[in-house]
Amino acid sequence: MDVSVENVTQAWPGRGDEPIVALENFSHRFASRRFSCLLGPSGCGKSTLVQVIGGLEVATEGNVRIIEPTRPDVVRPLGADSVMVWQTLNLFPWRNVIDNVAFGLEMQGVSKAQRYERARLLITSVGLAGFEQHLPGQLSGGMRQRVALARALIMERPIMLMDEPFGALDAQTKIVMQEELLRVFDQTQKTIIFVTHAIEEAILLADEIIVMTARPGRIKEVLQVDLPRPRSLEMVNSKAFGALFDRAFHLIREEVMKSMAQQAMALEGSR
Amino acid sequence: MRKRKSSLMRMAEAATPTAVIFAVLLAWELFVRWRGIAPIYLPPPSTIVVYLFRMIGNGSIEYNLGVTLLRIFAGFAIAALTGVTLGVLMGMSRLIARIVDPWIAALYPLPKIALIPLLVIWLGTGEVYKIVISAVTAFFPIVISTYAGIRQTDRGLIKAAEDLGASRRQIQLKVVIPAAIPSIFAGLHLGMGVTVILIVAAEMIGSSSQSGMGFLLIQSGQVMETEKVFASLVVLAIVGALIIKLQQWIDRKVAPWTAFRDGQ
């Protein structure tokens, strides 16, 4: 499934007359079975964009279309082909692992036996076999992240929207989860749109990196990542990786400075 | 510098609260005997214990406590049922919330004991009056906590459920209500506390039923049987503590996830 984002602007009423423009005139076509990273400073509207794509927020202006390349005329409802993985995970704390993973199927009315069977397969595939009856609060951060991943994967939707999913993890767990995600991507060939502000993460995971400007978020540049797949962490030391890192770092540095200046201004203004 | 505590130290630490209780009781006993204070003002603990067992022996504690507990649970059950139901409805429907809100705002701060004369006029001093006064009092903290819990549901959980294909109705039943359970329980704890207070108070005023711990207290007080007053207070304190423990135990059974609220 392609995701075609066309001139999307997202603004909120700010203090006074000036609206806060999170995202301005954003257009991009995310190609099927590609891994795209949205890279930008905080407040550049990258989270907003994935929520608009996922049908969880309505854009102020513009349009998002989900297009099946073989049948480009069919209009598909927003949200039906995608599933989110959140930075805050949003696991249901009162549901044990298996009931969290099976949530989507339960909402569809799938019988308990069937949804548990499928949930068990996914729980095993993310390495959590034996923890079906645990509550999220009893698990470590990395294990919770796996539950969130399994809960999204069980939906079998072709597009996966990931909003800084590993942002809250410690460095080691993050590496393991990145490898896990690469494996999932190689096996399932989903279209993945992944929000991050970590340059290494973007290069390691993505086929293309959309570098965004500070607020209002626009596309600054699109970088193609031609590192071979399957990817591994060792590539971080390669020459190609280093060159991409320098390029991305140079682009993002300016925007982070701008973003920090904006935040300082906002603080001044609120005083 | 911190050393690891030895097991002896830890045992001593665990025993300290109990030791303090006994020290206070001993001081009380010695003080009363040393100063020769008349039991009508302050009986010594040993005498209170004797009276307590005498009252258990002749069945007056069992009977009056049983009656009081029945009234407490009746009042609490009515308040819990109506309070949680209305709180959930308010959380689900903005219209209902807007209609009910001014009534709660006006009636909640009113001291419910002030309603006793009116309720006695309307309902007499029988069972209905006692249960109504306690239910009315407990209703408010329960409905307010329930409504607050429903409204404060994490937006992230609602969005996640929506993303996973839950309908509005499913979101309310499967996300919003379970998410509100800790807050509902907090309301039920508050409600139980005021139910106990109001039932005992109601038993003291309006004495047509001639039963209950409140009646026992006021009757013993009127004839200056201070030992019986103290014995009744001890029973009420112990039963109150047991009710709170029971509620906490039920919380843990019904909502075990609340033990790890920091994690998620």
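Residues numbered from 1 in each chain as written. Chains lettered and ligands numbered in written order. Predicted model: local features only at pLDDT ≥ 70, side-chain atom pairs only at ≥ 80, totals over all residues.

J.: Lay out the environment of A:Met1 in plain terms, naming residues and giving numbers.
T.: All names here are of chain A. Structurally, Met1 can be placed in the segment before strand S1 (2-12). The partly exposed category is assigned to Met1, around which 18 C-beta atoms lie within 10 Å. With 94 residues separating them along the chain, Met1 and Arg95 place their C-alpha atoms 32 Å apart. Contact partners of Met1, with chain neighbours within four places excluded, come to Ser32, Ile66, Ile67, Glu68, Asp81, Pro158, Ile159 and Thr191. (Helix = DSSP H or I, 4+ residues; strand = E, 2+ residues; numbered from the N terminus. Buried ≥ 20, exposed ≤ 12 C-beta atoms within 10 Å, placed from the backbone. Contact = placed C-beta atoms within 7 Å.)

J.: Could you give an account of the pairing of strand S6 (residues 159-163) of chain A, with specific residues and numbers?
T.: Each regular strand shows side chains that alternate between the opposite faces of the sheet. All names here are of chain A. Here S6 lies mainly inside the structure; 5 of its 5 residues are buried. Along S6, one buried face is formed by Ile159, Leu161 and Asp163 and the opposite face, lined by Met160 and Met162, is buried too. With 5 bridges joining them, S6 and strand S7 (residues 191-196) adopt parallel strand pairing. Paired with Met162 across the bridge in S7 is Phe194. A crossover connection joins S6 to the parallel S7 through helix H6 (residues 171-188); in handedness this β-α-β unit is right-handed. (Pairing = 2+ DSSP bridges. Right-handed = clockwise from strand over helix to strand, strands pointing away.)

J.: So, the domain arrangement of chain A: which residues are in play, and what are the values?
T.: All names here are of chain A. The domain architecture assigned to chain A consists of domain 1 (2-81 + 157-270) and domain 2 (94-156). Computed from C-alpha atoms alone, the centre-to-centre distance between domain 1 and domain 2 is 26 Å. Contacts between the two partners involve 10 residues from domain 1 and, on the opposite side, 7 residues from domain 2. Take the side of domain 1 that touches domain 2: its biggest share by element is 4 residues, from H6. Residues that form the side of domain 1 that touches domain 2 fall into these classes: 8 nonpolar, 1 polar and 1 charged. (Domains from an automatic or database assignment. Nonpolar A, V, L, I, M, F, W, Y, C, P; charged D, E, K, R; others polar.)

J.: Lay out the sheet that holds strand S4 (residues 61-67) of chain A in plain terms, naming residues and giving numbers.
T.: All names here are of chain A. Strands sit in the order S2-S1-S4 across an open sheet of 3 strands; the sheet is antiparallel. The sheet is open, and its two borders are formed by strand S2 (20-30) and S4, each paired with just one other strand. For this sheet, the mean angle separating the axes of adjacent strands, direction not counted, is 15°. Two elements, S1 and S2, share 7 bridges in a ladder whose sense is antiparallel. Directly across from Gln10, in S2, lies its bridge partner Leu23. Across the face of the sheet, helix H1 (residues 46-53) comes into contact with S1, S2 and S4 while running at roughly 120° to S1. (Axes fitted to C-alpha atoms, helices over the stretch in contact; angles between N-to-C directions.)

J.: Please give an account of the packing of helix H3 (residues 60-92) of chain B against helix H4 (residues 94-107) of chain B that cites residues and values.
T.: Residues and elements named next belong to chain B. The geometry of H3 relative to H4 is characterised by a closest axis approach of 5 Å and an angle of 125° between their N-to-C directions. Considered as vectors, H3 and H4 are oriented oblique to each other. On H4, the residues that touch Leu86, Leu89 and Met90 of H3 are Ile96, Ala97 and Val100. Here the contact of H3 with H4 is built from residues that sort into 6 nonpolar, no polar and no charged. (Parallel < 35°, antiparallel > 145°, perpendicular 65-115°, else oblique.)

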